[in-house]
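Analysis of the macromolecular model
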Amino acid sequence: MLQEVQQFKADFFKALAHPLRIRILEVLSEGDKTVNEIQMLLGSEGSAVSQQLAVLRSKNVVVGTKDGTSVIYSLRDPLIKELLKVARQIFDNHLINAISLLENIKNQ
């Protein structure tokens, strides 16, 4: 059972392991969007956005709801927004540490 949970976690993080997918999730953190809206906000081609949304859907990270001829995408779990926020804080901490190290080297 523990191995299955670890595999689930690994698959989840693999779904996040692409810059465009991360950006899509950041956009969806601001609210539900259609593919066209996501494309416009990212300045990316529709096929690239659609491909990455398919990956996120297959891993149950986002959900698409049909609305007439459009599909509205949203985060499957609102905690993903918090996960992205924490990841950003970790990234910022690494940058602060790297800058501090560089300043120490420079001052020696």
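Residues numbered from 1 in each chain as written. Predicted model: local features only at pLDDT ≥ 70, side-chain atom pairs only at ≥ 80, totals over all residues. Heavy atoms only, no water.

**Some details on unusual backbone geometry**
In this model, Asn 60 sits at a positive phi of 60 degrees, which is unusual for a non-glycine residue. Given the relative accessible area of 45%, Asn 60 is considered partly exposed. (Buried < 20%, exposed > 50% of the residue type's maximum accessible area, 1.4 Å probe, protein only.)

**Some details on the packing of helix α2 (residues 19-29) against helix α3 (residues 35-42)**
Two numbers describe how α2 lies on α3: the axes approach to 11 Å, and their chain directions differ by 110 degrees. Here α2 is positioned roughly perpendicular relative to α3, judged by the angle of their axes. For the pair α2 and α3, the sense of crossing is right-handed. Where α2 approaches α3, its residues Leu 20, Arg 23, Ile 24, Val 27 and Leu 28 are matched on the opposing element by Ile 38, Leu 41 and Leu 42. Residue composition of the contact of α2 with α3, grouped by class: 7 nonpolar, no polar and 1 charged. (Axes fitted to C-alpha atoms, helices over the stretch in contact; angles between N-to-C directions. Helix = DSSP H or I, 4+ residues; strand = E, 2+ residues; numbered from the N terminus. Parallel < 35°, antiparallel > 145°, perpendicular 65-115°, else oblique. Left-handed = near helix turned anticlockwise from the far one by under 90°. Contact = heavy atoms within 4.5 Å. Nonpolar A, V, L, I, M, F, W, Y, C, P; charged D, E, K, R; others polar.)

**A look at the layout of surface pockets**
Rolled over the atoms, a probe sized like a water molecule indicates the empty space that remains. Space inside the largest pocket adds up to approximately 210 Å³. Every residue along the wall of the largest pocket is listed here: Phe 8, Asp 11, Phe 12, Lys 59, Asn 60, Val 61, Arg 76, Asp 77, Leu 79, Ile 80 and Leu 83. Of all the secondary-structure elements, those providing two or more residues to the lining of the largest pocket are α1 (2-15) and α5 (79-107). Grouping the constituent residues of the lining of the largest pocket by class yields 6 nonpolar, 1 polar and 4 charged. (1 Å grid on protein atoms, 1.4 Å probe; cavity = no way out; pocket = protein on both sides within 12 Å on 5 of 7 lines; lining within 4 Å. Points joined across faces, edges and corners; volume = space filled by probe spheres on them.)

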